Amino acid sequence: MAGTASQPVRNGAKAARAVWSRDFALFFTARAVARLGDTMLPVALAAGLLQHGYGAGAVGLAMASTAAAFAGLVVFGGVLADRFSTRRLMIGADLVRLGTQALAAVLFFAGHVVLWQICAIGFANGVASAVFQPGVASTVPRLAADIQGANGAIRVAESAAQLAGPAVAGLLVGFASPGGVFAAHATTYAVSAGCLLLLRLPPLPPASRAASGHRTRAFRADLVQGWREFLARRWLWSVIAVWCVYMIAVWGPTVPLVATEVVREHGPRAYGLINSALGAGTVVGGLLALRLRPLRMLRAGAIALVGFAAFPASVGAGLGVPAMAAGAAVAGAGMSFWGVMWATSVQTQVPPDVLNRIHAYDVAGSLAMMPVGQALAGPAAAALGAGHVLLVAGAISFAVCAALLLIPAVRGLVRVEAAAVGWGGTPAVTEPARTRKG
């Protein structure tokens, strides 16, 4: 009896050791704190620019400057991450953003706010993010034997930060000023850089080498190789192709139209409650991803993603606030579970030597169509009515999940463990200083 009772305890301890270590804890802290700062930024931009006489268009332009730089350059960031030390690139990116956000804080504290300067700061932040983000993909499997558990833990932390960030930013704006939020945001990048500086990354597998030769020629060769590796995996590019439709027809219009409909009909407090429910759902989805270990991860993720339809459909149908909050919670859980299944599939199915480039193509492809969907939301709502557009978004969400499940390469993809693609398989091998230093 005692042996039976102790078995789950031993299994739980073993699973925890497969995820948690000193170095993963540092990376986990870096991601959680940086995410907290990133979710504070929209509040700071909106409050600060409005206080200085700018309108909603200026806020959108400032945000778009960051998004455009990130989406346009993240593929090149993937090549850099596959050629050089990912840790040093991420530290450098954090230090750049520490400087830009500190400069923004000074401008807002001084009351000298010029839109082009804020946009330039945003563009620099986007460039730094494009250098930082690709390295995240290869860092997780280098730090944790249980890659899915590590992704689930990070997703839970980022979801909790997303819940707390806007509230913290609102308090700072109320008790200090928008400049105080920018100063706090700069501090989060300092904490992230400090954690990454203390991080000890194990060496990459021996096969992980970048192309050699003339720098420009080698860079181009790495870029082409990454694209060929991307196209060689049907499950990968199929999901990205479907995701482009998802961004245009579902996610893109859902975010702005839900905000306008809920605020117009029920007020900003109701919108805050529904957003909190969405965030709570993403935490639940991350926790579920820590526990469930499906053999066919993308099939399970696509089934879970069906739940997202409840969010736009409940708002489009004009249901009450409790029903909309419940729909948002279900949507958040489904989206979060899918996110962990997808990230883990990419990190375990793709060889380490091209993972950063593949992740960069993944990020660029996933985000490319979101601005298109957001831009079309207004004209579509004017022509059909916001409620009808949201109902259509809910229906298309079902269709997208069905499309994913109908693709044999996606629904049939079988999970593999980290060692099968070279993660954590061989003893430490020193990497050439010219290419990657960890």
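Since we're looking at a predicted model, the values are computed, not measured.

Q: Teacher, can you tell me more about helix H14 (residues 355-368) here?
A: Because each turn of an α-helix spans 3.6 residues, side chains separated by three or four positions in sequence point in the same direction. The first and last C-alpha atoms of H14 sit 20 Å apart over 14 residues, in line with the 20 Å expected at 1.5 Å per residue. Of all the 14 residues making up H14, twelve are buried; the element is thus mostly covered by neighbouring parts of the structure. Here H14 has its buried residues at Leu355, Asn356, Arg357, Ile358, His359, Ala360, Tyr361, Asp362, Val363, Ala364, Gly365 and Ser366.

Q: Hey, could you run me through the packing of aromatic side chains in this one?
A: The geometry of an aromatic ring pair is captured by the separation of the ring centres together with the interplanar angle, meaning the angle of the planes. Enumeration over the complete set of coordinates arrives at 14 aromatic pairs. Centre to centre, the rings of Tyr246 and Phe308 are 5.9 Å apart; their planes meet at 55°, and the pair counts as tilted. Of the two residues, Tyr246 is situated in helix H9 (residues 234-266) and Phe308 in the loop between helix H11 (297-305) and helix H12 (310-316); the sequence distance between them amounts to 62 residues. Both residues of the pair, Tyr246 and Phe308, count as buried. Ring plane angle 85° and centroid distance 6.1 Å describe the contact between Phe308 and Phe311, whose orientation is recorded as edge-to-face. According to the relative accessible area criterion, Phe308 is buried, its value standing at 1%. On the basis of relative accessibility, which here comes to 6%, the residue Phe311 falls in the buried class. Among the aromatic residues, ring-to-ring pairing joins Trp235, Trp243, Tyr246, Trp251, Phe308, Phe311, Trp338 and Trp342 into one connected group. The lysine or arginine in question, Arg97, covers the ring of Phe132, its NZ or CZ lying 4.9 Å from the ring centre.

Q: Help me understand the environment of Ser177, please; the structure alone is not making it clear to me.
A: Mapped onto the secondary structure, Ser177 falls in the loop between helix H6 (147-175) and helix H7 (178-198). Looking at Ser177, the relative accessible area reads 19%, which means it is buried. Along the chain, Ser177 and Ala44 lie 133 residues apart, while their C-alpha atoms are 8.6 Å from each other. The contact partners of Ser177, leaving out residues within four places of it in the chain, are Phe109 and Leu172.

Q: What is the right way to look at the environment of Asp353 in this model?
A: In this structure, Asp353 sits in the loop between helix H13 (321-349) and H14. For the pair formed by Asp353 and Gly226, sequence separation is 127 residues and the distance between their alpha carbons is 9.6 Å.

What counts, and at which threshold
- Residues numbered from 1 in each chain as written.
- Predicted model: local features only at pLDDT ≥ 70, side-chain atom pairs only at ≥ 80, totals over all residues.
- Heavy atoms only, no water.
- Helix = DSSP H or I, 4+ residues; strand = E, 2+ residues; numbered from the N terminus.
- Expected span 1.5 Å × (residues − 1).
- Buried < 20%, exposed > 50% of the residue type's maximum accessible area, 1.4 Å probe, protein only.
- Phe/Tyr/Trp six-rings, centres within 6.5 Å; stacked < 30°, edge-to-face > 60°.
- Lys NZ or Arg CZ within 6 Å of the ring centre and 35° of its normal.
- Contact = heavy atoms within 4.5 Å.

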